[in-house]
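Coordinate analysis (summary)
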Amino acid sequence: MAIRDRQSDEHGGYPGSEDDVDLVDTRSDDLASSLPESLTIEVSLPNTVHAAPEDELAVAIVEVPVNPGFVEVTEPTTTSIPVVAPQAAPEPEPEAPFIPDLPSNDDRALSRRDRMRAEVSNTPEAAGMLTADRLIDKRRNKRVKPEGGLNAFLYAITLHAVNRGDSRKVRARKAVEARIDKKFEGGARFIPVLTRKGGVGKTTITALLGMAMSDAREDRVIAIDANPDRGTLSERVNKQTRSTVRDVVTMAPSITSFNDFTTMVSRDETRLDILASDTDPLLSEAFDENDYNVVADLAARFYSIVLTDCGTGIVHSVMRATLQRADSVVIVSGGSVDEARLASETLTWLEANGYGALVRNAVVALNTGTQGTNLVKLEEIEAHFKSRVREIVRIPYDPQLAAGSVINYKELRPLTKASARELAALVTDGLPARQGA
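Right, let's walk through the structure included here. The residue numbering used here restarts from 1 in each chain and proceeds along that chain's sequence as written. Thresholds applied to this predicted model are a pLDDT of at least 70 for local features of residues and 80 or more for the giving and counting of side-chain atom pairs; totals over whole chains, interfaces and linings are not thresholded and use all residues. In computing side-chain values, all of the structure's heavy atoms are included and hydrogens and water are not.

**Some points on the overall build of the protein**
Counting its regular elements, the protein contains 18 helices and 8 strands. The classification of residues rests on relative accessible area computed with a 1.4 Å probe and restricted to protein chains. Under 20% of the type maximum is buried, over 50% is exposed, and intermediate values are partly exposed. Classification of the 437 residues of the protein by burial places 39% in the buried group. It only takes one pair of heavy atoms within 4.5 Å for two residues to be counted as in contact. Intrachain contacts of the protein at a sequence separation of at least 6 include 75% that bridge at least 24 residues. Accessible surface, the protein as shown: approximately 28300 Å² in total, 53% of it carbon and sulfur. Where helices and strands are cited, they refer to DSSP runs of H or I of at least four residues and of E of at least two residues respectively, numbered from the N terminus. We get accessible surface area from the Shrake-Rupley algorithm with a probe of 1.4 Å; when it comes to residues, only the shown protein chains can shield them.

**As for the packing of helix 14 (residues 337-352) against helix 16 (residues 378-386)**
Where helix 14 meets helix 16, the closest approach of the two axes is 11 Å, and the angle between their N-to-C directions is 5°. As judged from the angle between their axes, helix 14 and helix 16 are roughly parallel. Contacts between helix 14 and helix 16 involve Ala-340, Ala-343, Ser-344 and Leu-347 from the former and Ile-381, His-384 and Phe-385 from the latter. Here the contact of helix 14 with helix 16 is built from residues that sort into 5 nonpolar, 2 polar and no charged. For helices, the fitted line uses only the C-alpha atoms of the stretch in contact; every axis is such a line through C-alpha atoms, and the angle between N-to-C directions lies from 0 to 180 degrees. Note that the term roughly parallel is reserved for angles under 35 degrees, roughly antiparallel for angles over 145, roughly perpendicular for angles of 65 to 115, and oblique for everything else. For this classification, Asp, Glu, Lys and Arg are treated as charged, while Ala, Val, Leu, Ile, Met, Phe, Trp, Tyr, Cys and Pro are nonpolar and the rest, including Gly, are polar.

**Here's the deal with a nonpolar patch on the surface**
Only residues whose relative accessible area exceeds 30% and that form no salt bridge are eligible for patches; like-charged ones are grouped when within 9 Å, while nonpolar side chains (Val, Leu, Ile, Met, Phe, Trp, Tyr) are grouped when within 5 Å. Salt bridges are defined as contacts in which a side-chain nitrogen from Lys or Arg sits within 4 Å of a carboxyl oxygen from Asp or Glu. A surface patch of nonpolar side chains, amounting to about 320 Å² of accessible area, comprises Leu-130, Leu-135 and Ile-136. Within the secondary structure, Leu-130 sits in the loop between helix 4 (112-115) and helix 5 (132-135).

**Some words on the environment of Leu-431**
Among the secondary structure elements, Leu-431 is positioned in the segment after helix 18 (414-429). Remark: the alpha-carbon pair of Leu-431 and Phe-190, spanning 241 residues in sequence, is separated by 9.1 Å. Residues contacting Leu-431, with those up to four places away along its chain left out, are Lys-182, Phe-184, Arg-189, Ile-191, Asp-327 and Ser-328.

**Describing the pairing of strand 4 (residues 272-275)**
Residues Leu-272 and Ile-274 point to one face of strand 4 and Asp-273 and Leu-275 to the other, with burial holding for every one of them. In this analysis, strands are considered paired if DSSP registers two or more bridges between them. Pairing analysis gives 4 bridges linking strand 2 (residues 221-225) to strand 4, with the strands arranged parallel. Along strand 4, the bridge assignment pairs Val-221 with Leu-272. In this structure, the hairpin formed by strand 3 (residues 266-267) and strand 4 is closed by a connection of 4 residues, where Arg-271 is found at a positive phi of approximately 75°.

**A look at the packing of helix 7 (residues 168-180) against helix 18**
Relative to each other, helix 7 and helix 18 sit at 40°, their axes nearing to 8 Å. In terms of axis orientation, helix 7 runs oblique to helix 18. The chirality of how helix 7 crosses helix 18 is left-handed. Facing helix 7, whose interface residues are Arg-173, Val-176, Glu-177, Arg-179 and Ile-180, helix 18 presents Arg-421, Glu-422, Ala-424, Ala-425, Leu-426, Thr-428 and Asp-429. In terms of residue class, the contact of helix 7 with helix 18 is built from 5 nonpolar, 1 polar and 6 charged. Working rule for handedness: look at the near helix, and if it is turned counterclockwise from the far one by less than a right angle, call the crossing left-handed; if clockwise, right-handed.

Dropping the structure here:
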């Protein structure tokens, strides 16, 4: 063991010199002689502490030895848990309704009468306050211009100062027109016009009924000539086309709009559309119930009321399809004995073939312009039909109707037009407002 003497450095000695070696050896011997033979040195060092992070401690596996052959068995035990029945919560006491205080006079809360005096409300008004009785000045709500007669004359010469309104006759006519203008829902209404005898004016009644309906209604009315014996319905108006029911059946797939359909009908001044039958009797006879259904389906798409001139007789092939669609029927009777009897037999045939409901709802048009009318008690004929049908209407003689040519509705006699409107109103009254009702 070599111990360096610090003083040797201070005296200028250099390491590695001879003097320095001798000094070291001498001191080493002295130190060795002064030390005990055995020397123990204990050094206490701090233990190394390893602090594991918290995330490692969270996933650390506990160092517990596992014995795969050992199964811990515990005795089952029971634990009693007291169950307390829930008690019904006490019902809350109803709160007293809040009744606001009546406004005082200082708040200027205006009543309805005050507001009708144009006073301004202190609070914003609701829209419900704008009522008709508040806004409309009844003093300025004058009646409409009277129509015809003395009342119209007084209205004109007094410069509209005197308005007595329509006369009783005009009001009655407008009431009938209002009945004709009945609103329908759910499709077209079909009305066949039929009888068992020819020459009683059935085609004329069909045209007259259609004109009265078209003149009073805003929607569309059509009359279809389904007469198998060359019908003449189209001759009651100015013909505007040569198309017939046969053309409609042939071109049915290409008819997609009302404009397409109107090219095949003739229209008169009242806006009544008429679809003609075939002029060739052989083609007319070939017009069967299937063809009628095609025409009727197209007419139902574009019209609200469909009249059908069924022609003479009631046993031809189109009759069944016509009656199956019928909402009401019009039976035409003449003023002679045999004409009235055949019309009554038509009702009997309908009842026997399951159309009793149509008979009870039927309207009989009694055409008094036929021969023999002056020799027959029309009251007795009316009494007979009133026991079987819903209503009966007399159609008076008119030169236009008797001519069998084009009918100008505006030039008909007033009594004839009044009878036509009454017939139209009675027929319309029997039509259901809702389809299937």
